[in-house]
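# Summary of structural features
The lines below spell out each chain.
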Amino acid sequence: MSNQQKTVRVEPATMPAGGWGSVDDVKNALTGQNVVLKDTRLLLKQNKPDGYACVSCAWAKPADPHPFEFCSSGAKATAWETTTKAIGPDFFDRHTLTELEGWSDHALEDHGRLTAPLRYDPASDKYRPVEWEVAFAEIGAHLRACDRKQVVFYASGRASLETSYMYQLLARMYGNNNLPDSSNMCHESTSVGLQKTIGVGVGTVGLNDFKHTDCILFFGQNVGVNSPRMLHQLQEARGRDVPIITFNPLRERGLVSFTNPQSPLEMLTGHETVISTQYHQIRPGGDTAAIMGMCKVIFALDDVARESGAQRVIDVAFIQEHTHGFDAFERAVRACGWDAIEREAGLPRAALEQAAEVYCKAGAAMGVYGMGLTQHRNGVQNVTMLVNLLLLRGNIGKPGAGICPVRGHSNVQGQRTVGITEKPELAPLDQLKEQYGFEPPRDEGLTTVDACEAILKHELQAFIGLGGNFLRAVPETRLMEAAWRALPLTVQVATKLNRNHVIHGKAAYLLPCLGRIEIDRQRSGAQAVTVEDSTSCMHGSRGMAEPVAATLLSEPAIVAGIAKATLDPNPRVDWDAWVADYGKVRDAMGVTFPEIFHDFNERMWTPGGFRKPLAAAERIWKTPSGKAEFTTPDELPGNPDMDGGAGVLRLFTIRSDGQFNTTIYSNDDRFRGVHGSRMVLFMSEADMARHGLRQGDVVALRTNSDDGVERRVDGLQIVPYDVPPGCIAGYYPECNPLIPLWHHAKESKVPAAKSIDVLLERAAAVAAP
Ligand SMILES: Nc1nc2c(c(=O)[nH]1)N[C@H]1C(S)=C(S)[C@@H](COP(=O)(O)OP(=O)(O)OC[C@H]3O[C@@H](n4cnc5c(=O)[nH]c(N)nc54)[C@H](O)[C@@H]3O)O[C@H]1N2
Ligand SMILES: Nc1nc2c(c(=O)[nH]1)N[C@H]1C(S)=C(S)[C@@H](COP(=O)(O)OP(=O)(O)OC[C@H]3O[C@@H](n4cnc5c(=O)[nH]c(N)nc54)[C@H](O)[C@@H]3O)O[C@H]1N2
Ligand SMILES: [Mo]
C-alpha cells in the first residue's frame, strides 16, 4: 500500500504502439476494475457522434469514426471511471486520514468511486458522512465570512462546458477572478504564446489538415500514450509518405512505430508503420535553439535561391502581407552562432540541416507539440519559435498547414472558452454584467503558481477544487503539503479519492460527483453535456452507464448547491432551472458567446463536432498590429534560471501508459518496458558508466539550487534508457518534490517540469523491498 520501494523489472521495449499489447492492456484494465461485459459494450459508444466523449485525452473526434474510436488509454480511463468498486462511508470508519497519507496514489484511487458527501471530523481524524444540504449550507456560511479575494476556485480540465460556465459565474459573482486551472500547469504557454503571435490562444489545425499536409514537425508530445487516437491520422499521413520529423530527448515507442489494433490484417501480419522519419534526441529545453538552427538553414537556402533566381524558400508574399517583425527576427537568426545552437539543442548542425531541408520541400507543413515545449522556463518562447518557423513558409491558414498544440484534459480548452481564466481580459465581463446584472471583478486573478505562493504565505482562506489533484500536480511538494494543512477551508468535488483529499484544510469537505460516462438524471430527464476538443470542435456527450451510487450529485448540481448557499439571490440566475435542464445553461452560453454558441442545443450533435470561429485559420490576425507576429527570442539557454555546473544532470518528468496524470492505474510502463515500480530513473549508459551505476542501483536526487530549501527524492532505481547523456527522466508526480515553485515559464507561469537541474547521490543502503 505504501510508497515504499518495490523491485523493478526491465524488459526490452520493442513492441510497437497499438498492436496486441494494447488489446491485452484493455482487457486487463476492464477486468482489474470489475467492469462487466455489458459495460464493455459502452466502449463502442466512446467518441461517437451519438455517444459520450472519452474522459481521457482531448484529441479530435472524427465525424466518420472507426468502429472502435477508442485507444487503450481511453479504455483504461473508462474502466477506471465505470468501475464497480466503491468507497462507502464505512471505509472511513476503518481508516484515519493520517493512515491514508501513507498509501500510494494508486492504492487510494484503486479503492473505487466516492459515493457519499463527507466532512472532516478533527476529533477522530476521519471523514464522516454529511447531508448534501448541510454541506452546502456550511460551505456557504464559511465562504460568506472569507475575504473574497482570498478564495480560489480551481478547475481540472475535465468538467463539461456547462459546469465550467456555471463555475466561472460562481467565482465572479462571489467576487474574484481566482480561476486557475490545470491549463496553468500545461498549455498556458500555448495560450499566451499563440495569442501574442497569431491572435488566438488555440491551435489552427483541424482533422482535415492531416489529409493535406506534406510534412509534420513533432515536438515533445508522446502520442502513443497521451493521445493514441492521433496515431490514426499519423499512420494515414505516413501512408502518403509524409515525413514526420520528431524532436524528443527520449526515444518513445509510440513515435517510432505503430500497429493499428483496428486492422485485422496488420494485427495478423504484424505490419508496423514507421511513424518518425527523423528522430532528433534533443536536449531538454533545447527546442528554441533547434528551431533557431533550422531557421538559419532556411535563410541560407533562401540566399542561394535568391542569388540563382530560383523560387524563394521563404514565402515572401505571405511575410509581406501577413506578418510583422520579420526584419528583427531575421537579424537575430543570422547573428546567432552555430556553437551556441549546437550546445543548447544538444544536436549537431547536420541534424538541423537535415530537418530544415525536408521542411523546405513541403508545400504545407504543420507543427504538432505537447508538454516538451510548454513546461520550460522558456516555454512561451518555445511556442513562439515554432510559430516563427511556420510563418517563414506561410504555414498558417492554408490546408494541411498550421499549429497543433495537443491538449491534455478532455475539456481543458473548452473551460477557457467559457470563461474559466484568471485573466480578466479573456473573460466577457461586460456581457456578464449586462446578462446577470452584477459588477464582475476586473482585477487579475491568481494563476496556479500565484495560488501556491498565497498558500505558502498563509494568505488564502479557502480552496475550492472542481476535480483534479492540485496538491499532487503542483511543484514544491514538501512545502506545499505543510502549508496546505493550515488552509482554513478546502472543498473538493471529485470522483475518486486522492492525495489532495487525505491532505486537507482545517475544515474540509469531499463532494462526490457523477462522472461524464454516467447517466445524469435531472427533473427534465436524462441530461447531456458538451466538451471542446483539441481542434476547437464542440461535441455533445451523453452518459450511458448506470451511476455507481444513487447518492451522487452531478457537477452542475454541486456548483449550483454551493452558489445558492454562498451568493445573494439574483433573479437573473435561476440555478435550479439550470440544473433541471442543462439546455438552459447552453442557451445562456449562447447569449454570452453568440459567435460560438448560437443555437447550441441543435448544433451540439453535429457529427465530428462544430468548430468555433478561428480567425487565424482564416489568416485574420487579432493581434495589436493586425498581423501575425514574428518574435525575436530573448535567449537560447533552455534552463536559464538554473545555471548548471559540475556534475549537474538535467531531469525531465514524464508520464507512463499506466497513468492519467496523478491517477496511477498501475506500476507498469508497457511502452518503456518497465514493470513493478514507478520509482525509477531513466539514464543513458554513458552516464551510468560515468557515475559507476548499474541497472537497479538505488539513488537519490537533490535539486541544484541555493535558495535554502532542501528538495530531494530518495529510492529511485536506475533503468538504462536511450536518453542523451547529461539528461535523465523520472515520473510525474513522483518527482514533483524536486521542482522549485519559482522555476516556471516566464510569461505563462507553467511550472518548468521538463528541465530541473539535479544532483545525484548514491543511496547508502538499498531500501527494504
Ligand atoms: N494516457 C494518458 N493520456 C494523457 C495523460 C496521461 O497522463 N495519460 N495526460 C493528459 C494531459 S493533462 C496532457 S497535458 C497530455 C500530455 O501529453 P504530452 O504532451 O505527451 O506530455 P508528457 O508525457 O509529459 O511529455 C511529452 C514528451 O515530451 C518529451 N520531452 C521532454 N522534454 C522535452 C524537451 O525539452 N523538448 C522536446 N522536444 N521534448 C521533450 C518527453 O520525452 C515526452 O515524450 O496528455 C493527456 N493525455
Ligand atoms: N512534474 C510534473 N508535474 C505536472 C505535469 C508534468 O508533466 N510533470 N503535468 C501537469 C499537467 S499537464 C496537468 S494537466 C496537471 C494535472 O493536474 P490535475 O488536473 O489537478 O490532476 P489529475 O491527476 O488529472 O486529477 C485527477 C483527479 O481528478 C478527479 N476526477 C476525475 N474525474 C473527475 C470528474 O469527472 N469530475 C471531478 N469533479 N473530478 C474528477 C479524481 O478525483 C482524480 O483523483 O498536472 C501538472 N503537473
Ligand atoms: Mo495537462
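Note that the structure is a prediction, hence the values are computed from the model and not measured.

Check the secondary structure of the protein chain and you find 33 helices and 32 strands. On C-alpha atoms alone, the protein chain measures out to a radius of gyration of 25 Å, which is about the 27 Å that the 2.2 N^0.38 rule sets for 769 residues. Overall size of the protein chain, expressed as C-alpha extent along the three principal axes, is 80 × 65 × 55 Å. A buried classification covers 65% of the 769 residues belonging to the protein chain. Accessible surface, the protein chain: about 26,300 Å² in total, of which carbon and sulfur atoms supply 53%.

Time to look at the packing of aromatic side chains. With the rule as written, the count across this model stands at 28 aromatic pairs. Summarising the aromatic geometry, the rings of Trp59 and Phe210 are spaced 5.8 Å apart at their centres and angled 90° between planes, so their arrangement reads as edge-to-face. With a gap of 151 residues between them, Trp59 in the loop between α2 (37–40) and α3 (72–81) and Phe210 in helix α10 (residues 209–212) connect regions that are remote in the sequence. We classify Trp59 as buried; its relative accessible area is 1%. Members of the aromatic cluster, joined through ring pairs, are Tyr165, Tyr436, Trp575, Trp578, Phe593, Phe597, Phe600 and Phe610. The ring of Phe682 has Arg672 sitting right over it, with the charged end atom 5.9 Å from the ring centre.

To continue, consider the site of ligand 2. Residues in contact with ligand 2 amount to 33 residues; listed here are only the nearest, Glu109, Tyr154, Glu555, Thr662 and Tyr732. Within the side chain of Tyr732, a nitrogen or oxygen atom sits 2.7 Å from an oxygen atom of ligand 2. In the complex, the protein chains occlude 96% of the 920 Å² of accessible area that ligand 2 would expose alone. Mapped by element, the contributors of at least two residues to the shell around ligand 2 are α25 (470–473) and β17 (489–494). Class assignment for the residues of the shell around ligand 2 results in 12 nonpolar, 15 polar and 6 charged.

Glancing now at the UniProt feature "domain: Molybdopterin dinucleotide-binding" (unreviewed entry) in the protein chain. Those places that UniProt annotates as "domain: Molybdopterin dinucleotide-binding" (unreviewed entry) correspond, in this numbering, to residues 649–734. Here residues 649–734 runs as 8% helix and 42% strand, with 17 Å between its end C-alpha atoms.

So, about the domain arrangement of the protein chain. You can read the domains of the protein chain as domain 1 (9–82), domain 2 (86–186 + 411–608), domain 3 (192–200 + 210–409) and domain 4 (648–762). Its C-alpha centre places domain 1 at a distance of 29 Å from the equivalent point of domain 3. Listed by partner, the interface residues are 25 residues for domain 1 and 25 residues for domain 3. At the boundary of domain 1 and domain 3, one finds 0 salt bridges. Linking domain 1 with domain 3 are 5 residue pairs in polar contact (both at pLDDT 80 or more), by the criterion used here. Broken down by secondary-structure element, the contributors of at least two residues to the side of domain 1 that touches domain 3 are β2 (17–18) and α1 (19–32). The biggest single contributor to the side of domain 1 that touches domain 3 is α1, with 4 residues. Looking at side-chain class alone, the side of domain 1 that touches domain 3 contains 15 nonpolar, 8 polar and 2 charged residues.

This brings us to the sheet that holds strand β10 (residues 257–259). Ordered by their spatial adjacency, 3 strands build an open sheet running β2-β10-β11, and the pairing between neighbours is mixed. Each of the sheet's edge strands pairs with one partner strand only, and the pair in question is β2 and β11 (273–274). Two elements, β10 and β11, share 2 bridges in a ladder whose sense is antiparallel. Its bridge partner lying in β11, Phe258 is registered against Thr273.

This part covers the packing of helix α8 (residues 161–174) against helix α28 (residues 555–566). Taken N-terminus to C-terminus, the directions of α8 and α28 make an angle of 15°; their axes are 9 Å apart at the nearest point. The angle between α8 and α28 places the two elements in the roughly parallel class. Crossing angle aside, the handedness with which α8 passes α28 is left-handed. Residues Thr163, Met166, Tyr167, Leu170 and Tyr174 of α8 pack against Glu555, Pro556, Val559, Ala560, Ile562, Ala563 and Thr566 of α28. A breakdown of the residues in the contact of α8 with α28 according to their chemical character gives 9 nonpolar, 2 polar and 1 charged.

Cis geometry marks the peptide bond from Tyr732 to Pro733, where omega comes out at 5°. Position of Pro733 relative to the elements: it lies in the loop between β31 (727–731) and β32 (756–762). Even without being a glycine, Arg619 presents a positive backbone phi close to 60°. By secondary structure assignment, the location of Arg619 is in the loop between β22 (610–611) and β23 (628–629). Classification of Arg619 by relative accessible area gives partly exposed; the value is 23%. Of note, Asn661 is a non-glycine position whose phi angle comes to about 50°, a positive value.

Further remarks concern the pairing of strand β24 (residues 649–654). Along β24, 6 of the 6 residues are buried, which leaves the element largely enclosed by surrounding structure. Burial along β24 is two-sided: the face carrying Leu649, Leu651 and Thr653 and the face carrying Arg650, Phe652 and Ile654 are both buried. Bridge count between β24 and β31: 5 bridges; the pairing is parallel. Bridging across to β31, Arg650 finds its partner in Cys727.

Our focus in this paragraph is the environment of Val151. Of note, Val151 is situated in strand β7 (residues 151–155). Of the residues examined, Val151 reaches a relative accessible area of 0% and is grouped as buried. Sequence separation between Val151 and Glu459 is 308 residues; the distance between their C-alpha atoms is 9.4 Å. Residues contacting Val151, with those up to four places away along its chain left out, are Leu143, Cys146, Tyr174, Asn176, Asn178, Leu460, Ala462 and Ile464.

Reading guide: rules and limits
- Residues numbered from 1 in each chain as written.
- Chains lettered and ligands numbered in written order.
- Predicted model: local features only at pLDDT ≥ 70, side-chain atom pairs only at ≥ 80, totals over all residues.
- Heavy atoms only, no water.
- Helix = DSSP H or I, 4+ residues; strand = E, 2+ residues; numbered from the N terminus.
- Rg over C-alpha atoms; globule rule 2.2 N^0.38 Å.
- Buried < 20%, exposed > 50% of the residue type's maximum accessible area, 1.4 Å probe, protein only.
- Areas by Shrake-Rupley, 256 points an atom, 1.4 Å probe, with all protein chains shown as cover.
- Phe/Tyr/Trp six-rings, centres within 6.5 Å; stacked < 30°, edge-to-face > 60°.
- Lys NZ or Arg CZ within 6 Å of the ring centre and 35° of its normal.
- Near = heavy atom within 4 Å.
- Polar contact = N/O pair within 3.5 Å; in protein donor to acceptor, adjacent residues only side chain to side chain.
- Nonpolar A, V, L, I, M, F, W, Y, C, P; charged D, E, K, R; others polar.
- UniProt positions renumbered as here; feature names shortened; annotations may be inferred.
- Domains from an automatic or database assignment.
- Contact = heavy atoms within 4.5 Å.
- Salt bridge = Lys/Arg side-chain N within 4 Å of Asp/Glu carboxyl O.
- Pairing = 2+ DSSP bridges.
- Axes fitted to C-alpha atoms, helices over the stretch in contact; angles between N-to-C directions.
- Parallel < 35°, antiparallel > 145°, perpendicular 65-115°, else oblique.
- Left-handed = near helix turned anticlockwise from the far one by under 90°.

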